[in-house]
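# Structure assessment
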Amino acid sequence: MKGILSLLKINTRNGKPADDHTDSVLFSTAFAGQGVDDSMLVPWEARAVEIGAKRLPASRGGKLLQGLWAKDKYMAHLDKDAVERMERFFEFAAVPASRDVIRQDEYGNFMVVLLTGTIAVDRVQPWGEQLRLAETRPGDILGEMSLLDSGIRFSACTTLTDCEIAVLSAEAMDDMVNKDPQLAASLIALLARKLSLRLRVVSARLSDNQK
């Protein structure tokens, strides 16, 4: 994470990238750097078609995102102006119940913020047991681990009800890095903090399950 943040420290003038700055492709090329070719990658565009996701008006999606993050212990560090600036980088969608938004052990270059509804987070253990790790609530973030480290998905995320979601892709993250680097750095730092907390909780649950 320290390496990612250092790459975001670019020279700026009046809040804009300097002329000699080369556009970042840190996130959109990271999977290729890990040896993952396009045939192995599952982008949001493909998953959206597969699960029958419908585009949600940005006016509604953005309003929901603002309201939820304003109440979140960590994401509330992004003020209203910051979230409004961030909205243009997200896609908003409505997803029917019983659809796999994310599947375990796949390579996916997007993360999801749950806006309404409930999503189950399940992991199939190496010995075959399926363990429910969580049933998420609006405001929860899913899939950010793979977006940040270009690794395989740790668990499956399935809609238990009709849901509305916000989606941030690797390409959109690179776009944010280029157009609003301070905002991107703030988001990445907050995602890392929330991810660390969630991994501690999941690790404790997995350890308890093995006793």
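One can find the structure itself at the top, above this paragraph.
Residues numbered from 1 in each chain as written. Predicted model: local features only at pLDDT ≥ 70, side-chain atom pairs only at ≥ 80, totals over all residues. Heavy atoms only, no water.

### Brief notes about the overall build of the chain
What counts is decided by this rule: Secondary structure elements are defined from DSSP: runs of H or I of at least 4 residues count as helices, runs of E of at least 2 residues count as strands, and each element is numbered from the N terminus. Accessible area is worked out with a 1.4 Å probe on protein chains only. A residue is then buried under 20% of its type maximum, exposed over 50%, and partly exposed in between. In this description, contact between two residues means that some pair of their heavy atoms is separated by no more than 4.5 Å. What sets the accessible areas is the Shrake-Rupley method with a 1.4 Å probe; for residues, cover comes only from the shown protein chains.
Assigned secondary structure in the chain consists of 8 helices and 13 strands. The proportion of buried residues among the 211 residues of the chain is 46%. For the chain, restricting intrachain contacts to residue pairs at least 6 apart in sequence, the fraction spanning at least 24 positions comes to 77%. When the accessible surface of the chain is split by element, carbon and sulfur atoms take 50% of a total near 11,100 Å².

### Description of the sheet that holds strand β10 (residues 130–136)
Keep this limit in mind: Strands pair, by our definition, only if DSSP identifies at least two bridges between them. A fitted line through C-alpha atoms serves as each axis, taken over the contacting stretch for helices, and the angle formed by two N-to-C directions is quoted from 0 to 180°.
Taken in spatial order, the 4 strands make up an open sheet running β6-β12-β9-β10, and their pairing is antiparallel. The sheet terminates laterally at β6 (100–102) and β10, the two strands that pair on one side only. Across the sheet, the axes of successive neighbouring strands diverge by a mean angle of 30°, strand direction being ignored. Relative to strand β12 (residues 156–159), strand β9 (residues 119–124) runs antiparallel, the two being bridged by 4 bridges. Paired with A120 across the strands is T158, a residue of β12.

### Regarding the pairing of strand β8 (residues 110–116)
Counting buried residues along β8, 6 of its 7 residues qualify, which places the element largely inside the surrounding structure. Pairing geometry for β8 and strand β13 (residues 163–169), over 6 bridges, is antiparallel. From the neighbouring strand, V113 faces β13, where its bridge partner is A166.

### Considerations on the sheet that holds β8
Taken in spatial order, the 5 strands of this open sheet run β4-β5-β13-β8-β11, and their pairing is antiparallel. Each edge of the open sheet is held by one strand with a lone partner, namely β4 (54–55) and β11 (141–142). Here helix α4 (residues 58–70) sits on the sheet in contact with β5 (91–95), β8, β11 and β13, set at roughly 85° to β8.

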